[in-house]
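Overview (structure and organization)
Here are the chains, one letter per residue:
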Amino acid sequence: TADIITLQEVQKDAFDEWFRPELAEAGYEGVFAHKRREPSFHKGKYTMEGCATFYSTTRFKRLDKFVVDYDKLSAQKRVGQQNEQDRGLPRWKGDCAG
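Here we take up the overall build of the chain. Looking only at helices and strands, the chain features two helices and five strands. Secondary structure of the chain in N-to-C order comes out as β-α-β-β-β-β-α. For the chain, buried positions account for 18% of its 98 residues. Sequence-distant contacts, at least 24 apart, represent 60% of the contacts inside the chain between residues at least 6 apart. For the chain, the accessible area works out to roughly 7900 Å², and carbon and sulfur atoms hold 52% of it.

This is how it looks when you write it as structure tokens:
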């Protein structure tokens, strides 16, 4: 079995009502991070959408929760690259996978 499960495009109500309880029975604990956009209409009500990360409680213990906002990091990187170009400095090259 997997030690870590990551999911994207998960509705908050599906996380709370299905994913969390079902995976808890299988020995996983999970966290949800919502997207920074308007709620979507799902099953007759508005709900947030986001990413869910589950981990095996026999292998891991959560010490903290830290959400990485890749949209914000990307915007900062573009601004930083533009400033470097303006000063004649070389552009940083790399990818998110690091």
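We are not done yet, so read on.
This paragraph deals with the sheet that holds strand 1 (residues 4-11). Taken together, three strands build an open sheet; the order of strands is 1-5-2 and the sheet is antiparallel. Strands with a single pairing partner mark the edges of an open sheet, and in this sheet they are strand 1 and strand 2 (28-34). Geometrically, the sheet is characterised by an average inter-axis angle of 20 degrees between neighbouring strands, direction not taken into account. Across six bridges, the pairing between strand 1 and strand 5 (residues 49-56) is antiparallel. If you follow Ile4 over to strand 5, its bridge partner there is Tyr55.

Overall, the predicted model of the chain reaches an average pLDDT of 80, with 78% of residues at or above 70. Of all helices and strands in the chain, the one with the weakest mean pLDDT is helix 2 (residues 70-86) (67), whereas helix 1 (residues 12-25) scores best (96). Low confidence marks residues 89-98, where pLDDT is under 50. Its contacts with residues over four positions away, or in another chain, come to nine contacts.

Here we take up a nonpolar patch on the surface. Judged by side-chain polarity, Phe66, Val68, Tyr70 and Leu73 come together as a nonpolar surface patch covering roughly 460 Å² of accessible area. Looking at the element boundaries, Tyr70 is found in helix 2.

Next up on the list: the nonpolar core. Grouped together as the largest cluster of nonpolar side chains are seven residues: Val10, Phe15, Leu23, Tyr28, Phe32, Ala52 and Phe54. Among the secondary structure elements, those contributing two or more residues to this core are helix 1, strand 2 and strand 5. Residues contacting Phe15, with those up to four places away along its chain left out, are Val10, Arg20, Pro21, Gly30, Val31, Phe32, Ala52 and Phe54.

All right, on to the pairing of strand 5 then. Of all eight residues making up strand 5, six are buried, and the element is well covered by its neighbours. Examined bridge by bridge, strand 2 and strand 5 share seven bridges and lie antiparallel to one another. By the bridge assignment for strand 5, Val31 is matched with Thr53.

For Lys45, the location among the structural elements is in strand 4 (residues 45-47). Considering only alpha carbons, one finds Lys45 and Asp13, 32 residues apart in sequence, at a separation of 9.7 Å. If we skip the residues at most four places from it in the chain, Lys45 touches Asp13, Glu17 and Ser40.

Rules of the game
- Residues numbered from 1 in each chain as written.
- Predicted model: local features only at pLDDT ≥ 70, side-chain atom pairs only at ≥ 80, totals over all residues.
- Heavy atoms only, no water.
- Helix = DSSP H or I, 4+ residues; strand = E, 2+ residues; numbered from the N terminus.
- Buried < 20%, exposed > 50% of the residue type's maximum accessible area, 1.4 Å probe, protein only.
- Contact = heavy atoms within 4.5 Å.
- Areas by Shrake-Rupley, 256 points an atom, 1.4 Å probe, with all protein chains shown as cover.
- Pairing = 2+ DSSP bridges.
- Axes fitted to C-alpha atoms, helices over the stretch in contact; angles between N-to-C directions.
- pLDDT = per-residue confidence, 0-100.
- Patch = residues over 30% accessible without salt bridge, like charges linked within 9 Å, V, L, I, M, F, W, Y side chains within 5 Å.
- Salt bridge = Lys/Arg side-chain N within 4 Å of Asp/Glu carboxyl O.
- Core = buried A, V, L, I, M, F, W, Y, C linked by side-chain atoms within 4.5 Å.

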